Amino acid sequence: MPRLGIDNEPITRVLPSSQRDAKGQHLFDLLCHHLNLLEKDYFGIRYVDPDKQRHWLEFTKGIAKQLRSRPPFIMCFRVKFYPPDPAALKEEITRYLVFLQVKRDLYHGRLLCKTSDAALLAAYILQAEIGDYDPGKHPEGYSSKFQFLPKHSEKLERRIAEIHRSELSGLSPAAAELCFLRKAQTLETYGVDPHPCKDVSGNSAFLAFTPFGFIVLQGNKRVHFIKWSDATKMKFEGKTFHLYVREKEEKRLVLTFIAPTPEACKHLWKCGVENQSFYKLENSNQVRTVSSSNLFFKGSRFRYSGRVAKEVMESSAKIKRDPPEIHRAGMVPSRSCPSISHGLRFEQRSADSQESRTHIHHGRSGVSP
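Looking at an unreviewed UniProt entry, one finds the protein chain named FERM domain-containing protein and attributed to Staurois parvus.

This is the structure:
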């Protein structure tokens, strides 16, 4: 199996020119086969359009029709639906890929936590990626060579090294990654993919969807948490997003937010529809096409097309194979952060060329949306 991480040489897979109009599912299946990944429903492919708006590749639609930019097309393999309980994942390869994503979330400041939790999480990363503390290999200040969080203080770096040296010796990479995920899943912002917006008073906020419900962040504080079972409807009109919430005694609360652009608002709405379907429904037969607007007004229509979390867990329990070999990418002493893919590039050459073909690169190049 190919190594994963920032230091790997690009790995190329080819889609023939005759498959330039292949649906997103074809590309996704190709990547999962390349990664030897069976528990693939938690993952997706993300890309950024020319207006800097992020999107998830829709698997039921053609790839080329979704991308408005000129080739080469840059896409990234990402966790789309965070496992509610990472320890319940059947295979180590799946946990490793989720670990890479959550580590990336910590590095980019999406996984918010207090200093003591940050030190422990960073120490687990050190243990997973460089192993037991060895005074011959790890001189004073060794933890300062790595970037785990948006900002480091010397005091925090010393605490990270102290935990690594004294508390984690003997943990295998897989065990350290699992400990990291178990700690991360207890944090309020586990699984958060923030969407910037403003509330009706003009205050900046971030909306996000987690395995457990819808949250609103202002600054570093969670100001709303709505369980998926209490979110009755989501809709958008232009830049305005509405979330309808069931309260006690049949009362209904409507939360309203303003997105930066209509495109950002539509993306927010589609993410909400998909997350609620995945985490709330009992089976995929319950999935329905939803409209972005009222019944009598023309609006966007969208339907989640995958399996739901309960079905995914039941399918995972039936996996019977020898665990695939995992070649972990060790950390490098720099201020960059390894992530799942660091870019999956979908490159379409000129149709006039006899060599016309489509490439997928898994490696260093590319943006990281």
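Chemist: In this structure, what is going on with the side chain of Glu58? I would like to understand it.
Modeler: By the element assignment, Glu58 lies in the loop between strand E3 (54-56) and helix H2 (63-66). Aside from chain neighbours lying at most four places away, what touches Glu58 is Gly24, Gln66, Lys270 and Phe302.

Chemist: Please clarify how the layout of surface pockets should be interpreted in this entry.
Modeler: Rolled over the atoms, a probe as big as a water molecule pinpoints where empty space is left. Considering only enclosed or pocket space, the largest pocket measures out at about 500 Å³ in volume. Contributing to the lining of the largest pocket are 22 residues, with Tyr47, His55, Glu58, Lys266 and Lys270 lying nearest its centre. Breaking the lining of the largest pocket down by element, the ones donating at least two residues are E3, helix H7 (262-280) and strand E13 (301-302). For the lining of the largest pocket, the element with the highest residue contribution is H7, accounting for seven residues. Split into classes, the residues belonging to the lining of the largest pocket amount to seven nonpolar, four polar and eleven charged. Roughly 360 Å³ of internal volume is contained in the second largest pocket. For the second largest pocket, the lining is made up of 19 residues, of which Gln25, Phe59, Tyr304, Ser305 and Gly306 are closest to its centre.

Chemist: Sorry, what's going on with the sheet that holds strand E10 (residues 240-246) here?
Modeler: Neighbouring strands of a sheet are bound in pairs by backbone hydrogen bonds; such pairs are parallel or else antiparallel. Ordered by their spatial adjacency, seven strands build an open sheet running E8-E7-E6-E5-E11-E10-E9, and the pairing between neighbours is antiparallel. A single partner strand is all that each edge strand has here, and the edge strands are strand E8 (221-227) and strand E9 (231-237). Pairs of neighbouring strands in the sheet enclose a mean axial angle of 30°, with direction left out of account. Here strand E5 (residues 195-199) pairs with strand E6 (residues 204-210) via four bridges, running antiparallel. Bridge pairing in E6 links Pro196 to Phe206. With respect to the sheet, H7 is in contact with E5, E6, E9 and E10, its orientation differing from that of E9 by roughly 160°.

Chemist: Would you take a moment to explain the packing of helix H3 (residues 92-107) against helix H4 (residues 115-130) for this structure?
Modeler: Describing two packed helices takes the angle between their axes plus the distance from one axis to the other. Put simply, H3 and H4 touch, their axes get as near as 11 Å, and they point 135° apart. Compared by their axis directions, H3 and H4 come out oblique. Taken as a pair, H3 and H4 cross one another with a handedness that is left-handed. Only Leu121, Ile125, Ala128 and Glu129 of H4 make contact with H3, whose side of the interface consists of Phe99, Lys103 and Leu106. Across the contact of H3 with H4, the residue classes tally to five nonpolar, no polar and two charged.

Chemist: Looking at this model, I keep getting lost on the side chain of Glu39. Mind explaining?
Modeler: Within the secondary structure layout, Glu39 lies in the loop between helix H1 (24-35) and strand E2 (43-48). Separated by 2.9 Å, the side chain of Glu39 and the backbone nitrogen of Glu91 make a polar contact.

Chemist: Help me understand the confidence of the model for the protein chain, please; the structure alone is not making it clear to me.
Modeler: Fine structural detail should not be taken from predicted coordinates in areas where pLDDT scores are low. Per-residue pLDDT for the protein chain has a mean of 83; in total, 81% of the residues score no lower than 70. Averaged pLDDT values for the elements of the protein chain fall to 30 in strand E15 (residues 357-362) and rise to 97 in helix H6 (residues 173-184). Across residues 333-368 the pLDDT falls below 50, and counting only partners more than four positions away or on other chains, this stretch makes 133 contacts in the model.

Chemist: Sorry, what's going on with the pattern of salt bridges here?
Modeler: If the charged atoms of two oppositely charged side chains come close together, the side chains can form a pair. A full pass over the atoms with the stated rule returns 17 salt bridges. Between Arg46 and Asp193 there is a salt bridge whose closest N-O contact spans 2.5 Å. Of this pair, Arg46 sits in strand E2 while Asp193 is found in the loop between H6 and E5, placing the two residues 147 residues apart along the sequence. Residues Arg46 and Asp193 agree in their burial class; the two are buried. Residues Arg159 and Glu167 are paired through a salt bridge, measuring 3.8 Å at the closest nitrogen-oxygen approach. When salt bridges with common partners are traced through the structure, they connect Arg46, Arg54 and Asp193 into a single cluster.

Thresholds, definitions, all that
Residues numbered from 1 in each chain as written. Predicted model: local features only at pLDDT ≥ 70, side-chain atom pairs only at ≥ 80, totals over all residues. Heavy atoms only, no water. Helix = DSSP H or I, 4+ residues; strand = E, 2+ residues; numbered from the N terminus. Contact = heavy atoms within 4.5 Å. 1 Å grid on protein atoms, 1.4 Å probe; cavity = no way out; pocket = protein on both sides within 12 Å on 5 of 7 lines; lining within 4 Å. Points joined across faces, edges and corners; volume = space filled by probe spheres on them. Nonpolar A, V, L, I, M, F, W, Y, C, P; charged D, E, K, R; others polar. Pairing = 2+ DSSP bridges. Axes fitted to C-alpha atoms, helices over the stretch in contact; angles between N-to-C directions. Parallel < 35°, antiparallel > 145°, perpendicular 65-115°, else oblique. Left-handed = near helix turned anticlockwise from the far one by under 90°. Polar contact = N/O pair within 3.5 Å; in protein donor to acceptor, adjacent residues only side chain to side chain. pLDDT = per-residue confidence, 0-100. Salt bridge = Lys/Arg side-chain N within 4 Å of Asp/Glu carboxyl O. Buried < 20%, exposed > 50% of the residue type's maximum accessible area, 1.4 Å probe, protein only.

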